[in-house]
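Secondary and tertiary structure notes
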Amino acid sequence: MRRDVRLLGDILGEVIRDSAGDELLADVERLRRAVIEARHSERGGRDDAAGPGDDPAGDEIIKLVGSWSLAAAEQVARAFAVYFHLANLAEEHQRIRNLRERDTGGEPVRESLAAAVAEVSHDAGAEQLAGLLGSLRVHLVLTAHPTEARRRAVVAALRRISGLLDRLDDQRTGAADREEARRGLREQVDLLWRTSQLRVKAMDPIDEVRTVMTAFDETLFRVVPAVYRELDRAVAAADDHVEVPPVPAFLRFGSWVGADRDGNPFVTAQVTRETAAIQADHILRALENTTTRIGRALTLHAATTPPSAALRRALAAAHAAHPELLAEIEARSPQEPYRAYLLYAAQRLAATRTRHADLAYPGPAGFLADLRLVRQSLAAAGAATQAHGELQNLIWQAETFGFHLAGLEVRQHSEVHARALAELRAAGPPGAEPASSWSARTEEVLATFRAVAWIQDRYGVDACHRYVVSFTRSADDIAAVYELGRYATAGGRMPVLDVVPLFESAVDLANAPDVLTGMLKLPEVAGRLASSGRELEAMLGYSDSAKELGPASATLRLFDTQARLAAWASGNGIRLTLFHGRGGALGRGGGPAGRAVLAQAPGSVNGSFKVTEQGEVIFARYGQQAIAKRHLEQVGSAVLLASSMRIASRTAAAAETYRDVAGRIDKAACAAFRQLVEADGFAGWFARISPLGEIGGLRIGSRPAKRGLASSAGGAAGAAAGAPPAAGAPPAAAMDLTDLRAIPWVFAWSQTRMNLPGWFGLGSGLAAIADADGPDVLRRAYREWPLFGVLLENAEMSLAKTDRRIGARYLALGGRPDLTELVLAEYDLTRRLVLTVTGHDRLLANRHVLSRAVTLRDPYVDALSFLQLRALAALREPGPATRETSPALTPEDRDRLERLLLLTVNGVAAGLQNTG
């Protein structure tokens, strides 16, 4: 990795020198040396210095970056931002190398499917393993949450650089090819340097859809069968290599991209219809190409591998229905029935995609039946290797993605439904009043239901049948969806709907079981339960609960809610799937996925786990096939283990033992968090100390930063996350924290280097126990209770990415010493007690790779933070912006400062490897 970083860094230096001259490179190098020396001096002094007055090295850096013109400062910021993109790529490659090195073929790799199968088989036997595999389901829902700060052009350039690094890493590459790869690297790094890091045009929802399709095309479609192969091998090994049927396809994918209209007026019914069409086009093309490739290769002769009677009948039926097509295929495949039939299936897929009704498949069931027919014929003819090879991979792909790729899940806020219903009811029952008399907002709500019906008619019910209701407070919010559906269809055929309550606030989490009880009384829900085998789904929101309660209290209350819902489901004979709305950042429920699954409440997993994959997480986890495979294995193995009796019993016992401790931590932590955010003037102070008001200028998503803006009658075109702030406007001067989305809340705090949403309040919670009972009870809980261990490990990671000295400089911009002291005191308390409880002498002491990565990155992130502080201070306190300007900021100066600020925001996000 050091070699790759050095190589890419040297190339970037050459590119900067050639394009911008030696002076810029010298400025970059001066700042680089200064921040590294400041880090060294910090290690030699006190680790908890209060801030600017105790940081002479930092003061010197402030003077350095302040001496540059804004144009020069912008170029330096761009250099560090590009460097982080390249360093991230080198780290990604090192992860892939590590994965390959661990896979020696001896013992199963930790957190792999093979390790989980071996453990469950050893603990519970083959019968329970088979039962768990039969019910195993991992459902990953991709969302367009605006947390991916990189432009698609930047991602594409990095993907090309990644391919060239692969060539250099391959020992088989000859000298000439190596030189060509280095030349290509120079070309691509130059292109990356010359590509704007900031979006000029705001993203719209269809842009977001096409961005997510990149992850499917490049990674997901290819890696899914590889995951199933790993499980297949593991099961065969557990059964002493006795021949067993292929493992079930346990992965499913959903998507909110193009369907989540909660607070986003740009996601319309037409957008959702177009999204479904785009997804179907991608999956049908992928299946068609794969079927054609496999069919062309399956050149088994009828004499060596005779087709079964069923396959012969199927070929005869195809001849009768499409004689010319079959004659053309068989002319190229004489006496090769398997090849002919798969090429025929590929033609039917093409017809399905182009809507040629006479030849098209009605749905994926017919295609899967054809594939299984070929597999059975091959197996019966003694060609088991062919039956369970590439053909089986294709079957798994079709089982996983269907003809729709990912089930679209509509989401809307309960208040939007309430307003629409109030208008509709005033006009009379469904069908009593023409649509022209309704407001545009209400008509759009109704058009959504018609779009769902259209998608189901064209692509099948699985393509879109879930409807998530944000801020569900009672069963009436669920009933409202069905009532709106009746208005939309005017008494005609309703689309199939599974309405999913989303519980986010503290009150809603507490009332969740009562809401589900009320849902059982709704006739529409009862009907769906009868047809689905009493399956029900409920969603838990990690982001808004953490923003309301703080990270510690939210984690503990979500666990309690899971436990109560699991008990409710058991008592009501319901097969409940809990849908976890987790973000990528630690302040929004993020963190290592496998450990998070194992920390779930007992009985809440039960073979099924559903979770969101948001924004930057999509490309972090699914940008490279090796990393995607590892992630899917980690989640799948954790679900298997969490569903086993031994793990569930252990978790239940620990949760009961520490129930009182959890309650006391929750109470103290929540009080500390609420004291901060409810302090007089906190919202304005937060807006001043962070780039919250300017984040929208990144244009990283289509939706507004605040729900209320989007729900206004006039829409939100000017306030979208894709639109820059108005020139000269005070940043979020009248900001209402309750309406602010969790993503900009977390994103803005990460930019200040405080990472407050990941730890604030935890120290007060731990102190409530340590001061009264001593730290030993906390140490035992850390060892014995998985949830508490994950809570502390995630906080430790967030604290490690916090920089107190630089963070204090941001806090000082607000002119509120009382709030600054409150934040820093809680940081000191949390850091001290986390180290006391974990027994570590420093943060991340037991995670050497991550600790070293954070340590190596910190100085370079510092460089961008100092540049950002310069811009932020000038924007918050207008004065001399450059050496040449007058005391008042000109519009040109403000534009330059805002651009500098956004470049540093982009770079810090890359350096910390998270946004919101």
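Residues numbered from 1 in each chain as written. Predicted model: local features only at pLDDT ≥ 70, side-chain atom pairs only at ≥ 80, totals over all residues. Heavy atoms only, no water.

Before going further, it helps to examine the overall build of the chain. From N to C terminus, the chain includes 38 helices and eight strands. Evaluated residue by residue, the chain yields a buried proportion of 59% over its 916 residues. Within the chain, residue pairs in contact and separated by at least 24 positions form 82% of the contacts whose partners lie at least 6 positions apart. (Helix = DSSP H or I, 4+ residues; strand = E, 2+ residues; numbered from the N terminus. Buried < 20%, exposed > 50% of the residue type's maximum accessible area, 1.4 Å probe, protein only. Contact = heavy atoms within 4.5 Å.)

Our next topic: the pattern of salt bridges. Considering all chains together, one arrives at 64 salt bridges under this definition. As a salt-bridge pair, Arg-805 and Asp-55 come within 3.6 Å of each other at their nearest N and O atoms. On the criterion of sequence distance, the pair formed by Arg-805 in helix H35 (residues 804-812) and Asp-55 in the loop between helix H2 (22-44) and helix H3 (56-66) is long-range, its members being 750 residues apart. The buried category is assigned to Arg-805, whose relative accessible area is 10%. The closest approach of N and O atoms between Arg-466 and Glu-537, which form a salt bridge, is 3.1 Å. Residue Arg-466 is located in strand E4 (residues 466-470), and its partner Glu-537 is located in strand E6 (residues 535-541); the two are separated by 71 residues in the primary sequence. (Salt bridge = Lys/Arg side-chain N within 4 Å of Asp/Glu carboxyl O.)

Turning to the pairing of strand E3 (residues 407-413), a few remarks are in order. Along E3, seven of the seven residues are buried, which leaves the element largely enclosed by surrounding structure. Of the two faces of E3, both are covered, the one formed by Gly-407, Glu-409, Arg-411 and His-413 as well as the one formed by Leu-408, Val-410 and Gln-412. Both E3 and E4 contribute to a ladder of five bridges, which runs parallel. Residue pairing in the sheet places Arg-411 in a bridge with Val-468 of E4. (Pairing = 2+ DSSP bridges.)

On to the sheet that holds E3. Read once around its circumference, the closed barrel built from eight strands follows the order E1-E2-E3-E4-E5-E6-E7-E8, with strand pairing classed as parallel. Averaged over all adjacent pairs, the angle separating strand axes in this sheet is 25°, with direction ignored. The pairing of strand E7 (residues 575-581) with strand E8 (residues 608-614) spans two bridges and is classified as parallel. Across the sheet, the residue bridging to His-580 is Val-611, located in E8. (Axes fitted to C-alpha atoms, helices over the stretch in contact; angles between N-to-C directions.)

It is worth spelling out the packing of helix H11 (residues 309-321) against helix H14 (residues 364-380) at this point. A pair of packed helices is captured by two measures, namely the crossing angle of their axes and the spacing between those axes. As a packed pair, H11 and H14 sit with axes 9 Å apart at the nearest point and diverge in direction by 140°. Taken together, the axes of H11 and H14 are oblique relative to one another. In terms of crossing hand, the pair formed by H11 and H14 is left-handed. Across the interface between the two elements, Ala-310, Leu-311 and Ala-314 from H11 touch Leu-373, Val-374 and Ser-377 from H14. Considered class by class, the residues forming the contact of H11 with H14 number five nonpolar, one polar and no charged. (Parallel < 35°, antiparallel > 145°, perpendicular 65-115°, else oblique. Left-handed = near helix turned anticlockwise from the far one by under 90°. Nonpolar A, V, L, I, M, F, W, Y, C, P; charged D, E, K, R; others polar.)

Another aspect to go through is helix H12 (residues 323-332). Turning to H12, its buried residues number three or more, namely Leu-325, Leu-326 and Ile-329. Down the axis of H12, the buried set is contained in an arc of 95°. They therefore lie on one face. Among the exposed residues of H12, those pointing more than 90 degrees away from its buried face are Glu-324 and Ala-331. The inward-facing, buried residues of H12 contact H11 and helix H13 (337-354). (Arc of directions from axis to C-beta.)

Turning next to unusual backbone geometry. With phi around 60°, Glu-111 is a residue other than glycine that occupies positive phi space. Here Glu-111 lies in the loop between helix H4 (70-102) and helix H5 (113-124). Despite not being glycine, Leu-405 has its phi angle at roughly 75°, a positive value. Mapping Leu-405 onto the fold places it in the loop between helix H16 (390-401) and E3.

A word on the pairing of strand E2 (residues 251-255). Along any regular strand, the residues point their side chains to alternate faces of the sheet. Extensive coverage of E2 is indicated by the burial of four of its five residues. Bridge count for E2 against E3 is two bridges, and the pairing is parallel. Paired with Ser-255 across the strands is Leu-408, a residue of E3.

A few words now on the side chain of Glu-409. Here Glu-409 shows up in strand E3. In this structure Glu-409 comes out as buried when scored by relative accessible area, which is 1%. Polar side-chain contacts of Glu-409 include one of 2.7 Å to the side chain of Lys-610. Apart from the residues within four sequence positions on either side, Glu-409 is in contact with His-139, Val-141, Ser-255, Trp-256, Ala-259, Asp-260, Arg-466, Val-468, Phe-579 and Lys-610. (Polar contact = N/O pair within 3.5 Å; in protein donor to acceptor, adjacent residues only side chain to side chain.)

All right, on to the packing of aromatic side chains then. Applying the stated criterion across every chain, the model contains 30 aromatic pairs. On the numbers, 6.1 Å between centres and 40° between planes, the contact of Phe-367 with Phe-403 is tilted. Of this pair, Phe-367 sits in helix H14 while Phe-403 sits in the loop between H16 and E3, and the two are 36 residues apart along the sequence. Accessibility expressed as a relative area gives 6% for Phe-403, which makes it buried. Through pairs of rings, three or more aromatic residues link up here, namely Phe-673, Phe-682, Trp-685, Phe-686, Trp-745, Trp-749, Trp-759, Phe-760 and Tyr-827. It is Arg-348 that lies over the ring of Tyr-361; its NZ or CZ is 3.9 Å from the centre. Seen from the ring of Phe-579, Lys-610 lies directly overhead, with NZ or CZ sitting 4.3 Å from the centre. (Phe/Tyr/Trp six-rings, centres within 6.5 Å; stacked < 30°, edge-to-face > 60°. Lys NZ or Arg CZ within 6 Å of the ring centre and 35° of its normal.)

Bringing the confidence of the model for the chain into the picture now. Confidence along the chain averages 88 in pLDDT terms, with 90% of residues attaining 70 or more. Within the model, the stretch residues 709-734 combines pLDDT values under 50 with 53 contacts to residues more than four positions away or in other chains. (pLDDT = per-residue confidence, 0-100.)

Axis separation between helix H28 (residues 659-677) and helix H32 (residues 762-773) bottoms out at 7 Å; the angle between their running directions is 130°. The angle between H28 and H32 places the two elements in the oblique class. H28 and H32 meet at a crossing whose hand is right-handed. Residues Val-661, Arg-664, Ile-665, Ala-668, Ala-669 and Ala-672 of H28 lie in contact with H32, whose contacting residues are Leu-762, Ser-764, Gly-765, Leu-766, Ala-768, Ile-769, Ala-772 and Asp-773.

So, on to helix H9 (residues 205-238). End to end, H9 covers 46 Å across 34 residues, agreeing with the expected 50 Å (1.5 Å per residue, within 8%). At Phe-216, H9 is deflected by roughly 45°, the largest bend along its length. A large share of H9 lies buried, amounting to 25 of its 34 residues. Put simply, Asp-204 is the residue that caps the front of H9, since its side-chain oxygen is 3.0 Å from the backbone nitrogen of Ile-206. (Expected span 1.5 Å × (residues − 1). Bend = angle between axes of the 7 residues up to and from the residue.)

Looking at the element boundaries, Ile-806 is found in helix H35. You can call Ile-806 buried: its relative accessible area is 3%. Sequence separation between Ile-806 and Gly-58 is 748 residues; the distance between their C-alpha atoms is 8.2 Å. Among residues more than four places away in sequence, those in contact with Ile-806 are Arg-753, Asp-862, Ser-865, Phe-866 and Leu-869.

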